[in-house]
Each structure stands twice: as C-alpha cells, then as structure tokens.
Amino acid sequence: VTITQVDTSQFPQVTMYVSAINAAGEPVGIDPSVISIRENGQEIAPDRIGGAGEVGPLTTLLVMDISGSMNTGGKLNAAKNAAQAYIEQMRTGDLAGLMSFNTAIKYVQPVTSDFGALSAAVEGLSAQDDTAMYDALVEAVEVMEVSAGRKAIIVLTDGLDNRSTSTVDDVLAKIGPAGLSISTIGLGDPTHGTGAQTALDEAALTSLAERAGGVYGYAENDDLSALYQLYGRTLQAEYQITYTSPSSLRDGVNRSLSVSLDGSSAASAQVGQTVYNPGGLVPEISEPAPWSLFITLLGVLLLLLLVPSTLRFALGRLSSSRKPKSRIKLSSPKSKPRIKLKD
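Counting from 1, residues in each chain are numbered in the order their sequence is written. Under the rules for a predicted model, residues below a pLDDT of 70 receive no local features and side-chain atom pairs below 80 are neither given nor counted, while totals for whole chains, interfaces and linings still include all residues. Computation of side-chain values covers all heavy atoms of the structure but excludes hydrogens and water.

Undergrad: Looking at this model, I keep getting lost on the overall build of the chain. Mind explaining?
TA: Runs of E in the DSSP output that reach at least two residues are strands. Runs of H or I that reach at least four are helices, and both are numbered from the N terminus. Secondary structure assignment for the chain yields 7 helices and 14 strands. Within the chain, the proportion of its 343 residues that are buried is 40%. When checking whether two residues touch, look at their non-hydrogen atoms; a contact exists if any pair is within 4.5 Å. Considering only contacts within the chain whose residues lie at least 6 apart along the sequence, 76% involve residues at least 24 apart. Accessible surface computed for the chain: about 18,900 Å², of which carbon and sulfur atoms make up 54%. Only protein chains enter the calculation, and the probe is 1.4 Å; a residue is then buried if its accessible area is under 20% of its type maximum, exposed if over 50%, and partly exposed in between. Here the open area of atoms and residues is found with the Shrake-Rupley method and a 1.4 Å probe, where only the protein chains shown may cover a residue.

Undergrad: Would you mind going over the pattern of salt bridges with me for this structure?
TA: Any two side chains of opposite charge can pair, on the condition that their charged atoms come close. Basic side-chain nitrogens of Lys or Arg form a salt bridge, by our definition, when they fall within 4 Å of a carboxyl oxygen of Asp or Glu. Applying the stated criterion to the full structure yields 8 salt bridges. Here R38 ties to E43 by a salt bridge, and the two come within 3.5 Å at their closest N and O atoms. Judged by its relative accessible area of 36%, R38 is partly exposed. Overall, the relative accessible area of 46% leaves E43 in the partly exposed class. For the salt bridge of D251 with R255, the shortest nitrogen-to-oxygen distance reads 3.2 Å. Ionic contacts of the salt-bridge type, sharing partners, join the residues E39, D251 and R255 into one network.

Undergrad: When you look at the sheet that holds strand β4 (residues 42-43) in this model, what are you seeing that I'm missing?
TA: Backbone-to-backbone hydrogen bonds join strands into a sheet, with any given pair of strands oriented parallel or antiparallel. Spatially, 4 strands are ordered β4-β3-β13-β14 in an open sheet, and the strand pairing comes out antiparallel. On the outer flanks of this sheet lie β4 and β14 (271-276), each paired with one strand and no other. One bridge is not enough; two strands pair if DSSP finds at least two bridges between them.

Undergrad: Even after reading the chapter, I still don't get the pairing of strand β9 (residues 151-157), so can you show me in this structure?
TA: Within a regular strand, the side chains alternate between the two sheet faces. Counted residue by residue, β9 has 7 buried out of 7 residues, so it is predominantly covered. Burial along β9 is two-sided: the face carrying K151, I153, V155 and T157 and the face carrying A152, I154 and L156 are both buried. Sheet topology places strand β6 (residues 59-65) next to β9; 6 bridges connect them, and they run parallel. In the sheet register, T60 faces β9, and the bridge partner there is A152. As judged from the 6 bridges shared by β9 and strand β10 (residues 181-186), these two strands associate in the parallel manner. From the neighbouring strand, L156 faces β10, where its bridge partner is I185.

Undergrad: What exactly am I supposed to notice about the packing of helix α1 (residues 75-88) against helix α2 (residues 115-123) here?
TA: The convention used is that axes are lines fitted to C-alpha atoms, helices contributing only their stretch in contact, and that angles between N-to-C directions extend from 0 to 180 degrees. Interaxial distance between α1 and α2 falls to 9 Å at its minimum, and their mutual angle equals 175°. Taken as axis vectors, α1 and α2 run roughly antiparallel relative to one another. In this structure, α1 contributes K80, A83, Q84 and I87 to the contact, and α2 contributes F115, L118, S119, V122 and E123. Tallied by class, residues from the contact of α1 with α2 come to 5 nonpolar, 2 polar and 2 charged. Any angle from 65 to 115 degrees is called roughly perpendicular, while one under 35 is roughly parallel, one over 145 is roughly antiparallel, and all others are oblique. Asp, Glu, Lys and Arg are counted as charged, while Ala, Val, Leu, Ile, Met, Phe, Trp, Tyr, Cys and Pro are counted as nonpolar; the rest, among them Gly, fall into the polar class.

Undergrad: Whenever I open this one, the nonpolar core confuses me. Can you help?
TA: Considering soluble globular proteins, one finds that nonpolar side chains tend to be buried as a cluster. Put simply, buried Ala, Val, Leu, Ile, Met, Phe, Trp, Tyr and Cys residues joined by side-chain atoms within 4.5 Å make one nonpolar core. L98, I154, L156, I185 and Y228 are the most contacted members of the largest nonpolar core, which has 33 residues in total. Where this core is concerned, the elements lending two or more residues are β6, α1, β7 (95-101), α2, β9 and α6 (224-236). Tallying contributions element by element places α1 first for this core, with 7 residues. Residues contacting L156, with those up to four places away along its chain left out, are V63, M64, D65, M70, A79, A82, I185, L187, L224 and Y228. Core analysis: the next-biggest nonpolar cluster, separate from the first, contains 26 residues, V63, L137, I175 and L200 among them.

Right, here's the structure in full:
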C-alpha cells in the first residue's frame, strides 16, 4: 500500500490518494470498510472520514530523455512506442503533457486532453547532446503545480545525468511533502559501466522513485509499452480518501500520515506512510480577529502615516521662529533723493 499524493488545498479537509498492488506489481482493489487512517499517530475517527472513492481524471506529465545516448540500441523508438501505449490507455477526461530533455529542456506539448496532439508531439522527438535529468524534473514539478487533483510525472531515461545543476534533493524539495509522485522507467543495460552509451543508472532511478512516492520499473525495449500501460492502470486503480484533520490550524509543521488495511501493524506491507505539510505560517490564530482589533490596528497605521508630515511641519515652524531680525533697511528705488544740487 502506498500513499501517492496528499492534497491540502481544502485544509483542514485532507484528500489523499492510495495505491495498492500485489506481489506481481499489478493494481488491486481496496475495501474502504477496512481502511484505518492515523495522523501523527492519532487514529482518525470514522465520523471524520468522508469516505473513499475511485480517482477522477488524472493529469500526467511524460518526461522523456532525448539525449544522444537514446540513439543507441533503438532506445528512442522504444521510448516513443511506450509513450504511445500510455496515451492509448488514457480515459476520457484524463490530461497529459510531454516534456523532453537533453542539455536543454523543452515543454513540447502542454497538458491537454487532445490525445492526437500529444501523440504527434511524441513522434516528433529526436535525440542528441548530453543529459540534464534533474534540471528537467525541477521544471516538470513547476509545470504540474497548477494542476488540480491526482497528478503524476513519469520519466523515461537511462538516468545518466551529466549536465544538471540541480540534484535529486532539489527535485524533492521542489515537490514538497507528498505533493505529487514521480515514477521512473529505466532504459539501458544496468550491467554496463556508466561511461557506456548503453548504460543505465538503475540505483539513481530507483532512489528517485522511492523518495518521490512513485515506483521504478525496468524493461527491455520490447516490454516498455506493457510497463507504461501498467503504470497507467495502477494510477487509475488508486483510491481517493478524504478526512478532516484533528488539528485544523495551518501551522506549517510536517505531519506523519499512515493508512493501513484491516488494522495491519506498522511493519506490514499493508501500511502506506508519508509526510505532509498543511502550509501556513507559525503561529496561526484559530479564530478571525474581532472588528474592534481591526479598527484599532487601522488607526495605529494611519497615525504612523501622519507622524512624518506632522514632524516636518513642526520643525519648519520652529526653524522660521528662530530666524534673526535684520537691522539693515533698504530704501525703495522709488524714494526721493535727499541731496539737491544748486547752480
């Protein structure tokens, strides 16, 4: 059981997305009646749980490696076929976009419900240059921030990042606690050294997926389409569960969250765990401030605005009152002369 995403946009109402798979990695159903939720170790009372239901429309961003190494062994063509397979199993109402990366990052097809446009964008990809995967993922997370509901990033790459200025920690920090999930699909040969064009950095891709709430998958070129389809079915088989947090303040503090099936222990694989943050600032008041406090604060603000002009006026009067009186009188040019000349 995995908690793949937590949505706190309606906090204190919390919506989480839960995925369950069997030992073969295939999605399985969840009986809502056996779900138990704990926040910071405190069990959520049944009357605070709004129920569980199937996930609505999905928003997916396909992030595809088009570095030069993808030209070897038919990897790019296999990646295109896999992406097309994912598009074909999308449901009405689902959205998806395409981002490609090598040394440059390109948002090839903005998130859309036009499956034809998305398919054409995939076919138009070509490979060259080096790899900047983590930089691309930071940008991909930024793109997905505006999307509502369940959203996921699926990246297909050999994981041989040799150009990024960002790191995996930067990607995770950008996501924030349980913001969305990133799943990875490895393409290449994990037995080859990282200097080889056919190599695959499987450890990096596995770690990224696990830390970002997703899953890692590896398949030979011919199996990529089936793997992409499996990812799509897994996302579509998730459950959306809503509950009201027992601590209703947006205090900006991380909270642990766990979901178990039929009272399973914390050590069981039937327990999904994550951390989420309700956002907000510390401290946050629990009730709106009264009008009298608002009016008082407004009066103080106006007073502070008037102080500078009042001081300038007072200083000006004081300065003018201290000016010494002049003892020299200048006669007007029109005054009559006092000396007369006689013949």
